[in-house]
Amino acid sequence: MQRFDVCNGDADGLCATVQWRWFEPAEATLITGLKREITLLSRVQARAGDEVNVFDLSMQRNQAALHALLARGVRIRYVDHHATGEVPQHPLLLAHVDLGRDVCTSLLVDRLIHGASRAWALVGAYGDNLAQVADALAKASGFDAPARAALQRMGEAINYNAYGDSELDVLLAPQHLYRCMQAYRDPLDMLAAEPIIDELDAQRQADLQQAASLQPLWQGPGAQVLCLPDAPWARRVMGVLANELANAQPDRAHAVLRQQADGSYSVSVRAPLNRPSGAEAVCQTFGGNGRARAAGIDALPSDLLSRFIQAFAEAAWGA
């Protein structure tokens, strides 16, 4: 029997996987990728009797591969908080999906394993921009203020490392970062022993500084749109920048666009934190996906830019 762990390469996906493998130690083939590499389940070469764990990947975007694996007799545990489409009713599928606004996959795994690796769950939640939720859970779990700040810095740095068009854009490929993370049961031990988080954080801060001088492409009373150039720093920072803007201006919606080599735009949308819903609805109109509070579009055609801005401006945030 072979085991496969399939996860998003952002903080939430990697931390969910780390938690599970400390809870259930076993050799498993890791399949992961950058933030927008969603359809990873199609890469799994599993046979009847094999086991597959899926963490933090939209079931809706992986439906065909999911059905194919189940038909081959593969057992699948699917833990996620994104859109599902129709969930297959199959005896080999164990689905733990929660689309709530204040959950992420790391927190869902934390529930399943009864907090056995709580610190890693917090890193994932902080990285998924659930700072208030993570703070409340951290305080209830006995983490003091310096520990909470350290876990938040780790989550934000790991999440930042997932953004880019290719592994050439990021400091460390997600699969290599996972191996480093998996070596430590306590993320604070990793922070003390490994330089990678400090290196990621320094690069993150430098990229954010470059973005600070940008002027909005469009701005309204309750929303704004920024557009980044097609450059490595912009490819890395766009998701982080969207989170930073959402946290700094919680009553506004934010869209961060980046022009791509083919002329289309990649898009990250954040609903107002004080009215955290509507992002997924806006993005789905243009072929994107995500969650109520945070969503994206892989490739918005340039001729639809004005329509996107209009839809974004007219969105009923929090409705």
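I will try to describe carefully the structure that is included in this document. On a predicted model such as this, the values are computed, not experimentally measured, just so you know.

Quick look at the side chain of R293 now. As for its position among the elements, R293 is in the loop between β10 (289-290) and β11 (294-300). At 3.1 Å, the side chain of R293 forms a polar contact with the side chain of D102. Ignoring any residue separated from it by four or fewer positions in sequence, one finds R293 in contact with R101, D102, N129, L130, V269, R270, A271, L273, P276 and A279.

Pairing is mixed in the open sheet, where 6 strands are placed in the order β6-β7-β8-β9-β11-β10. Looking at strand neighbours, the two that pair on one side only are β6 (218-219) and β10, the edges of this open sheet. Where β6 lies against strand β7 (residues 223-228), 2 bridges are found, and the strand directions are antiparallel. In the sheet register, W218 faces β7, and the bridge partner there is V225. Running over the sheet, helix α10 (residues 232-248) touches β7, β8 (253-259) and β9 (265-270) and is turned about 175° from β8. Where helix α12 (residues 305-314) meets the sheet, it contacts β6, β7, β8, β9 and β11, and its direction lies at approximately 165° from that of β8.

With that settled, consider the sheet that holds strand β4 (residues 75-80). One open sheet accounts for 5 strands, arranged β2-β1-β3-β4-β5; its pairing is parallel. Whereas interior strands pair on both sides, the edge strands pair on one side only; in this sheet they are β2 (29-31) and β5 (93-97). The sheet shows a mean angle of 10° between the axes of neighbouring strands, taken without regard to direction. Across 5 bridges, strand β1 (residues 3-7) lies against strand β3 (residues 51-55) in parallel orientation. For F4, the partnering residue across the bridge sits in β3 and is V52. Its contacts with the sheet put helix α3 (residues 105-112) on β3, β4 and β5, and the angle it makes with β4 is roughly 120°.

The terminal C-alpha atoms of helix α6 (residues 145-160) lie 22 Å apart, and with 16 residues this matches the ideal 22 Å at 1.5 Å per residue to within 8%. When α6 is considered as a whole, its buried residues turn out to be A147, R148, A150, L151, M154, G155, A157, I158, N159 and Y160. With a side-chain oxygen positioned 2.9 Å from the backbone nitrogen of A147, the residue opening α6 is D144.

Here the focus is empty space enclosed by the protein. A water-sized probe, rolled over the atoms, reveals where empty space remains. Scanning all chains against the criterion turns up 2 cavities of 30 Å³ or more. Its boundaries defined by the atoms lining it, the largest cavity holds a volume of some 470 Å³. K35, H82, G290, A294 and A295 are the residues nearest the centre of the largest cavity, which is lined by 31 residues in total. Per element, the largest residue contribution to the lining of the largest cavity is 4 residues, and it comes from β11. In the lining of the largest cavity, the residues fall into 9 nonpolar, 12 polar and 10 charged. A volume near 90 Å³ is recorded for the second largest cavity. Every residue lining the second largest cavity is listed: Y126, G127, N129, E156, N159, Y160, R204, V240, N243, E244 and N247. Elements with a minimum of two residues in the lining of the second largest cavity: α4 (118-127), α6 and α10. When residues of the lining of the second largest cavity are assigned to their parent elements, the largest contribution, 4 residues, is made by α10. Residues of the lining of the second largest cavity, tallied by class, amount to 3 nonpolar, 5 polar and 3 charged.

The rules we used
- Residues numbered from 1 in each chain as written.
- Predicted model: local features only at pLDDT ≥ 70, side-chain atom pairs only at ≥ 80, totals over all residues.
- Heavy atoms only, no water.
- Helix = DSSP H or I, 4+ residues; strand = E, 2+ residues; numbered from the N terminus.
- Polar contact = N/O pair within 3.5 Å; in protein donor to acceptor, adjacent residues only side chain to side chain.
- Contact = heavy atoms within 4.5 Å.
- Pairing = 2+ DSSP bridges.
- Axes fitted to C-alpha atoms, helices over the stretch in contact; angles between N-to-C directions.
- Expected span 1.5 Å × (residues − 1).
- Buried < 20%, exposed > 50% of the residue type's maximum accessible area, 1.4 Å probe, protein only.
- 1 Å grid on protein atoms, 1.4 Å probe; cavity = no way out; pocket = protein on both sides within 12 Å on 5 of 7 lines; lining within 4 Å.
- Points joined across faces, edges and corners; volume = space filled by probe spheres on them.
- Nonpolar A, V, L, I, M, F, W, Y, C, P; charged D, E, K, R; others polar.

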